[in-house]
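# Understanding the architecture of this molecule
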Amino acid sequence: MSLATPPAQARTGSAGPRPATPDEARRHELAAFLRSRRERLTPEQVGLPMTGRRRTPGLRREEVAQLAAVGVTWYTWLEQGRDIQVSAQVLDSVARALLLDPSERAHLFTLAGTDDPVPVRECPSVTPSVRLLLERLAPYPAVVLNSRYDVLAYNAQYTAIVGDLDRLAPEDRNLMWMAFTPSQFRDVLIDYRTERLGMVARFRSAMADHSSEPAWKALVARVLKASPDFAELWQRHDVMRPGNGIKRFQVPGVGLLRCEYTNFWLSPQLGTRMITYTPLDDGTRALMDELPTP
């Protein structure tokens, strides 16, 4: 009797599919990460018009490619985990198109095996010394803004005027958004209609250096949708450089505050700044001593 041939699975060299190499595993993880970031975004967030119902959530691949100024085929291959060359410049464009935060951007470059030419660090403008200064300015209100009017830091006296900013969603913690939508900031700012003219003009002037950045375009698109008043002012194309001036606040339970505001720049260019509000008269000085703090 002849011996039976050993079954195929018992033969040497037939152990199943070849395991993925480290490079292949990293590319597959990169592909999955990009898809997840793309699917969480809406056209409105990146300043694109809505084009009817969508069968799948998020942006389309061709929309990301358009925003990043890369070829659709190339970006599709990147999401498919193909072995293609990826430059740091292109990765930077993709990161901006997908509105990646600092942690996500760092993860993108790590998965791509490429050094980030402009690594994102914590904002150097809001240092511990700046936060200490904000506290020591009491009883005078003070806030730190960037050129997009995002609120970066503030003292308790400022929140006593404009409301509890900590309770707002991060995307709503922006004075441009607060000025054109229902908010305590708009309610207490007596001359808010006039003030908004200057805010839009200063915003447009600052945007000249950031016109291709998704975060700026997304904010404009969001406020345009929420406020016909903003849409009207935006079409005027007025521009204005930042400056100092006077603001009046009617704060419930406190009274009328007539303040002189002063910009203190925290960076070499006209970007991040601390704005202080000092009393313009003795009555305001007395009321500032009574501003409620948490």
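None of these values were measured; they are calculated from a predicted model.

This part covers the overall build of the protein chain. When helices and strands are counted, the protein chain shows 13 helices and five strands. At 26 Å, the protein chain has a C-alpha radius of gyration far larger than the 19 Å of a compact globule built from 294 residues. Its C-alpha atoms give the protein chain principal-axis dimensions of roughly 115 × 40 × 35 Å. Residues classed as buried in the protein chain amount to 42% of the 294 residues present. Long-range pairs, those at least 24 residues apart, make up 53% of the contacts in the protein chain with a sequence separation of at least 6. Accessible surface, the protein chain as shown: approximately 16900 Å² in total, 52% of it carbon and sulfur. For the protein chain, the distance from the average site of its 37 positive side-chain charges to the average site of its 34 negative ones is 6 Å.

Here we take up empty space enclosed by the protein. The tally for this structure, following the rule as stated, stands at one cavity of 30 Å³ or more. Estimated volume of the largest cavity: approximately 150 Å³. Considering the residues around the largest cavity, the lining is formed by 14 residues, among which Tyr-149, Arg-202, Lys-247, Arg-273 and Ile-275 are closest to the centre. The biggest single contributor to the lining of the largest cavity is strand S5 (residues 273-279), with three residues. Taken together, the residues that form the lining of the largest cavity break down as nine nonpolar, two polar and three charged.

Our next topic: the confidence of the model for the protein chain. Summary statistics for the protein chain give a mean pLDDT of 86 and a share of 90% for residues scoring 70 or more. Confidence over residues 1-13 falls short of pLDDT 50; this stretch has four contacts with residues more than four positions distant or in other chains.

Our focus in this paragraph is the sheet that holds strand S4 (residues 255-265). One open sheet accounts for five strands, arranged S2-S1-S5-S4-S3; its pairing is antiparallel. Since the sheet does not close on itself, it has two edges, and those belong to strand S2 (151-154) and strand S3 (245-251), each with one partner. Strand-to-strand twist across the sheet, computed as the mean angle between neighbouring axes with direction ignored, equals 30°. In this sheet, S5 lies alongside S4 in antiparallel orientation, the contact comprising seven bridges. When the bridges of S5 are listed, Asn-263 appears paired with Ile-275.

Turning our eyes to something else, we now look at the pattern of salt bridges. In a structure, side chains of opposite charge can pair up when their charged atoms sit close to one another. With the rule as written, the count across this model stands at 19 salt bridges. Residue Lys-225 is joined to Glu-44 by a salt bridge in which the shortest nitrogen-to-oxygen separation is 2.2 Å. Within this pair, whereas Lys-225 is found in helix H11 (residues 214-226), its partner Glu-44 is found in the loop between helix H1 (22-39) and helix H2 (61-68), the two being separated by 181 residues in sequence. With relative accessibility at 33%, the residue Glu-44 sits in the partly exposed group.

Within this structure, the stated rule accounts for seven aromatic pairs. Ring pairs connect the aromatic residues Phe-180, Phe-203, Trp-216, Phe-230 and Trp-234, which therefore count as one cluster. Above the plane of the ring of Trp-234 lies Arg-204, whose end atom (NZ or CZ) is 3.7 Å from the centre. The ring centre of Trp-177 lies 3.8 Å from the NZ or CZ of Arg-222, which sits over that ring.

A word on H2. Buried within H2 are the following residues: Glu-63, Val-64, Ala-65 and Ala-68. Looking at the packing, one finds that the buried side of H2 touches H1, helix H3 (72-79) and helix H4 (88-97). The positive-phi residue at the C-terminal boundary of H2 is Ala-69, with phi of around 60°.

Approximately 210 Å³ is the volume found for the second largest pocket. For the second largest pocket, the lining is made up of 15 residues, of which Arg-26, Arg-27, Ile-84, Val-86 and Ala-112 are closest to its centre. Counting only elements with at least two residues in the lining of the second largest pocket, the list comes to H1, H3 and helix H5 (102-112). Per-class residue counts for the lining of the second largest pocket are seven nonpolar, three polar and five charged.

So, on to unusual backbone geometry. Cis geometry marks the peptide bond from Ala-138 to Pro-139, where omega comes out at 15°. Although it is not a glycine, Leu-99 sits at a positive phi angle of roughly 55°. Summarising the element assignment, Leu-99 is placed in the loop between H4 and H5. Given the relative accessible area of 27%, Leu-99 is considered partly exposed.

Criteria and thresholds
- Residues numbered from 1 in each chain as written.
- Predicted model: local features only at pLDDT ≥ 70, side-chain atom pairs only at ≥ 80, totals over all residues.
- Heavy atoms only, no water.
- Helix = DSSP H or I, 4+ residues; strand = E, 2+ residues; numbered from the N terminus.
- Rg over C-alpha atoms; globule rule 2.2 N^0.38 Å.
- Buried < 20%, exposed > 50% of the residue type's maximum accessible area, 1.4 Å probe, protein only.
- Contact = heavy atoms within 4.5 Å.
- Areas by Shrake-Rupley, 256 points an atom, 1.4 Å probe, with all protein chains shown as cover.
- Lys, Arg positive; Asp, Glu negative; His and termini not counted.
- Charge placed at Lys NZ, Arg CZ, Asp CG, Glu CD.
- 1 Å grid on protein atoms, 1.4 Å probe; cavity = no way out; pocket = protein on both sides within 12 Å on 5 of 7 lines; lining within 4 Å.
- Points joined across faces, edges and corners; volume = space filled by probe spheres on them.
- Nonpolar A, V, L, I, M, F, W, Y, C, P; charged D, E, K, R; others polar.
- pLDDT = per-residue confidence, 0-100.
- Pairing = 2+ DSSP bridges.
- Axes fitted to C-alpha atoms, helices over the stretch in contact; angles between N-to-C directions.
- Salt bridge = Lys/Arg side-chain N within 4 Å of Asp/Glu carboxyl O.
- Phe/Tyr/Trp six-rings, centres within 6.5 Å; stacked < 30°, edge-to-face > 60°.
- Lys NZ or Arg CZ within 6 Å of the ring centre and 35° of its normal.

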